[in-house]
Amino acid sequence: MAQSLDVDKLEREVKTVYREVAESPDEEFHFEMGRPLAERLGYRPEDLDRVPSDAIASFAGVGYHFDLADLQPGDDVLDLGSGSGTDAFIAALHVGETGSVTGLDMTDEQLRKARQLRDDAGFENVSFEKGYIEAVAFDDATFDAVISNGVINLSAEKSRVFTEAHRVLRPGGRLALSDVVSEARMPASIKDDADLWAACIGGAEQIDDYTTTVEAPGFDVAELRANDAYAFTSERAQGACDRYGVKSVSFGARKRGGDDE
């Protein structure tokens, strides 16, 4: 009988991988990183030109979703798993000086890098906080939008992540994310392997189950699209993609508000 996932080991593995992403972005990983990836996924070059290049070097996102987020000047935004800050800085360009962006991450090295880049570049409306996406330390109805890129698949408690996102959003608030999912449900031998979770494979939820988990707290999914420009780079990851249909998708959803709740 397969053992259950070792969540403590998973956290250690994820922190190790993303410490290396922050400190050694030129090393080989299961996934591609950097500006060529960001542009291929749909990030506008003129936006990337205004973001610290060292943040983009550690960009490990899996899709583009800022059109789905529909960020407006003055919006308050939460970025779940903000890494070295690329998406947080892009969001800051959209919300302007009257808005705010808060990045949340559990990896010290990512936070240290993002904060230094923020200070050097003068992004005064951006903050980076240490914490866990399953237990967000912010008050109810604090944000207009929650974004995330390639991170929620790493969580063993996805329902808590979406419950927390729903809680901290104002009524009518937007959830926009890109993440890794699978066409088929994967066996326990993969789902219980912390190494494969850290590689963004083991935690890939079957797409229908993922959508159900998003909707359960009170979100309406408005758009779901595949990110065909994204691909894993290692043979092991590519094997999972071929066998179980592991792929990247982007979601746009809205919190029900007023009489709809």
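Residues numbered from 1 in each chain as written. Predicted model: local features only at pLDDT ≥ 70, side-chain atom pairs only at ≥ 80, totals over all residues. Heavy atoms only, no water.

Caption draft 1: Seen up close, the pattern of salt bridges. The full count for this structure, using the stated rule, is 16 salt bridges. With a closest N to O distance of 2.8 Å, Arg167 and Asp140 form a salt bridge. Here Arg167, found in helix α8 (residues 158–168), pairs with Asp140, found in the loop between β3 (126–130) and β4 (143–149); they are 27 residues apart in sequence, far enough to count as distant. Classification of Arg167 as partly exposed rests on a relative accessible area of 24%. The partner of Arg160 in a salt bridge is Glu157, and the shortest N-O contact between them spans 3.4 Å. Take Arg160: its relative accessible area is 40%, and that puts it in the partly exposed class. Since its relative accessible area comes to 36%, Glu157 is described here as partly exposed. One salt-bridge network, held together by shared partners, links Arg35, Glu39 and Asp49. (Salt bridge = Lys/Arg side-chain N within 4 Å of Asp/Glu carboxyl O. Helix = DSSP H or I, 4+ residues; strand = E, 2+ residues; numbered from the N terminus. Buried < 20%, exposed > 50% of the residue type's maximum accessible area, 1.4 Å probe, protein only.)

Caption draft 2: Broad picture of the packing of α8 against helix α11 (residues 207–215). Taken N-terminus to C-terminus, the directions of α8 and α11 make an angle of 35 degrees; their axes are 8 Å apart at the nearest point. You can see that α8 and α11 cross each other, and the crossing is right-handed. The segment α8 lies against α11, with Lys158, Ser159 and Phe162 engaging Tyr210, Thr213 and Val214. Of the residues that constitute the contact of α8 with α11, the class distribution is three nonpolar, two polar and one charged. (Axes fitted to C-alpha atoms, helices over the stretch in contact; angles between N-to-C directions. Left-handed = near helix turned anticlockwise from the far one by under 90°. Contact = heavy atoms within 4.5 Å. Nonpolar A, V, L, I, M, F, W, Y, C, P; charged D, E, K, R; others polar.)

Caption draft 3: Summary view of helix α7 (residues 108–121). Given a rise of 1.5 Å per residue, 14 residues ought to cover 20 Å, and the 20 Å separating the end C-alpha atoms of α7 matches this to within 8%. Every buried residue of α7 is listed here: Glu109, Gln110, Leu111, Lys113, Ala114, Leu117 and Arg118. Of the residues trailing α7, Gly122 is marked for its positive phi of about 75 degrees. (Expected span 1.5 Å × (residues − 1).)

Caption draft 4: Local environment of unusual backbone geometry. Phi at Asp70 is positive, roughly 50 degrees, even though this residue is not glycine. Here Asp70 is to be found in the loop between α5 (66–69) and β1 (76–80). A positive phi angle, close to 55 degrees, is found at Ala141, a residue other than glycine. One can find Ala141 in the loop between β3 and β4.

Caption draft 5: Representation of the pairing of β1. When you tally the buried positions in β1, you get five out of five residues, the bulk of the element. In β1, alternate side chains face the same way, and those of Asp76, Leu78 and Leu80 on one face and Val77 and Asp79 on the other are all buried. Note that β1 and strand β2 (residues 100–105) share five bridges and pair parallel. Directly across from Leu80, in β2, lies its bridge partner Leu104. Crossover β1 to β2 through helix α6 (residues 86–95) is right-handed. (Pairing = 2+ DSSP bridges. Right-handed = clockwise from strand over helix to strand, strands pointing away.)

Keep in mind these values describe shape, not function.
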